[in-house]
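Descriptive structure summary
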Amino acid sequence: AFASQHQEVFGEDESLSGLEGDANLWGLEAVYRYDNPARFGHRDFKLQAEYLRARKDLDVESGPAELLGTSLEFVTDGAYLQGVYGVAPRWDAGLRYDLLGARNEIRGAQSGNERFGDSDRWSAMLTWRPSEFSSLRLQWSYSDLLTEEQERESFHTVWLQYLFSLGSHGAHDF
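Keep in mind that this is a model prediction, so the values were computed, not measured.

Now for the overall build of the chain. The helix and strand inventory of the chain stands at 0 helices and 10 strands. Along the chain, from the amino end to the carboxyl end, the secondary structure elements read β-β-β-β-β-β-β-β-β-β. Relative to the compact-globule value of 16 Å for 174 residues, the chain shows a C-alpha radius of gyration of 22 Å, a clear excess of over 25%. In terms of principal-axis extent, the alpha carbons of the chain reach across some 70 × 40 × 25 Å. Restricting the contact set of the chain to residue pairs at least 6 apart, pairs at least 24 apart contribute 47%. Carbon and sulfur atoms make up 55% of the accessible area of the chain, which amounts to about 11,700 Å² in all. A gap of 14 Å separates the mean positions of the 16 positive and 29 negative side-chain charges of the chain.

Next comes the structure, spelled out in structure tokens:
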């Protein structure tokens, strides 16, 4: 994706600046899937990965006089790797790793070259599919997030999710 008229606000309080310029986003996704002949997903395996990178080249158009006309470049990225295995008929178990900001930088005449840390999360899930129209998933995650410069917050979360699908799909005509 590319935008030649990207606009945003950057900074805090009296150094608040209006920025304008180009922005682009690109990504790459890969999936390996093994469909075992056993029934209802037993011994099926899926490995999935994705990488996204965003870059913005912006000029200061409004704000403090000493910053007007200067350029800033923002670069950030993110990725995940996930594996899901059919442990029994209608039952899946999986692991996932997410990473945000392995390359988190601001470059420019006024700011020099600032690097920021990354955030990551580990997740494990167990899914039961009572029918082809529904699933019940239990997921646990451990997150280690960069909240402010040099400050981190780590925490555990648990989700219970129920999905129910309505309407026609590829297996049946309605």
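Let us look at the nonpolar core. One broad trend across soluble globular proteins is that nonpolar side chains are buried collectively. Judged by nonpolar contacts, Leu19, Leu58, Val60, Leu67, Leu72, Phe74 and Ile106 together constitute the single largest core of 7 residues. Of all the secondary structure elements, the ones that give two or more residues to this core are β3 (45-62) and β4 (71-88). Non-local contacts of Val60, meaning those with residues more than four positions away in its chain, are made with Ser17, Gly18, Leu19, Leu67, Leu68, Gly69 and Thr70.

Here Asp120 shows up in strand β8 (residues 119-131). Among buried Asp, Glu, Lys and Arg side chains, Asp120 stands out as unpaired, with Arg152 the closest opposite charge at 4.9 Å. Among the polar contacts made by the side chain of Asp120, one reaches the side chain of Tyr97 at a distance of 3.1 Å. Once residues lying within four places of it in the same chain are set aside, the contact partners of Asp120 are Tyr97, Asp98, Leu99, Tyr142, Ser143, Asp144 and Leu145.

Let us now look at a negative patch on the surface. A cluster of acidic residues, Glu12, Asp13, Glu148 and Glu151, forms a negative patch at the surface. Among the structural elements, Glu12 can be located in the loop between β1 (2-10) and β2 (17-34).

Counted according to the given criterion, the structure contains 7 salt bridges. For Arg96, the salt bridge is made with Asp98, and the minimal N-O distance between the two is 2.9 Å. Classification of Asp98 as buried rests on a relative accessible area of 11%. Notably, a salt bridge pairs Asp98 with Arg121, separated by 3.2 Å at the nearest N-O pair. Remark: Arg121 occurs in strand β8 and Asp98 occurs in strand β5 (residues 91-100); sequence separation between them is 23 residues. Residue classification places Arg121 among the partly exposed residues on the basis of a relative accessible area of 32%.

Mapped onto the secondary structure, Gln48 falls in strand β3. Reaching out from Gln48, the side chain makes a polar contact with the side chain of Glu29 at a distance of 3.3 Å. Residues in contact with Gln48, not counting those within four places in the same chain, are Glu29, Ala30, Val31, Tyr80, Leu81 and Gln82.

Turning next to the packing of aromatic side chains. Geometry of an aromatic ring pair is reported as the spacing of the ring centres plus the angle between the planes. One pass over the full model with this rule turns up 4 aromatic pairs. Judged by centre distance (6.0 Å) and plane angle (25°), the ring pair of Trp91 and Trp128 falls under stacked. Taken together, the residues Trp91 in strand β5 and Trp128 in strand β8 connect sequence positions 37 residues apart. Classification of Trp91 by relative accessible area gives partly exposed; the value is 34%. Ring geometry for Tyr97 versus Trp122: centroids 4.5 Å apart, planes at 45°, classification tilted. Of this pair, Tyr97 sits in strand β5 while Trp122 is found in strand β8, placing the two residues 25 residues apart along the sequence. Judged by its relative accessible area of 24%, Tyr97 is partly exposed. Classification of Trp122 by relative accessible area gives partly exposed; the value is 47%. Taking the ring centre of Phe40 as reference, the NZ or CZ of Arg90 above it sits at 3.9 Å. The residue whose ring lies beneath Arg96 is Tyr80, and the NZ or CZ to ring-centre distance is 3.9 Å.

Calculation criteria
Residues numbered from 1 in each chain as written. Predicted model: local features only at pLDDT ≥ 70, side-chain atom pairs only at ≥ 80, totals over all residues. Heavy atoms only, no water. Helix = DSSP H or I, 4+ residues; strand = E, 2+ residues; numbered from the N terminus. Rg over C-alpha atoms; globule rule 2.2 N^0.38 Å. Contact = heavy atoms within 4.5 Å. Areas by Shrake-Rupley, 256 points an atom, 1.4 Å probe, with all protein chains shown as cover. Lys, Arg positive; Asp, Glu negative; His and termini not counted. Charge placed at Lys NZ, Arg CZ, Asp CG, Glu CD. Core = buried A, V, L, I, M, F, W, Y, C linked by side-chain atoms within 4.5 Å. Buried < 20%, exposed > 50% of the residue type's maximum accessible area, 1.4 Å probe, protein only. Salt bridge = Lys/Arg side-chain N within 4 Å of Asp/Glu carboxyl O. Polar contact = N/O pair within 3.5 Å; in protein donor to acceptor, adjacent residues only side chain to side chain. Patch = residues over 30% accessible without salt bridge, like charges linked within 9 Å, V, L, I, M, F, W, Y side chains within 5 Å. Phe/Tyr/Trp six-rings, centres within 6.5 Å; stacked < 30°, edge-to-face > 60°. Lys NZ or Arg CZ within 6 Å of the ring centre and 35° of its normal.

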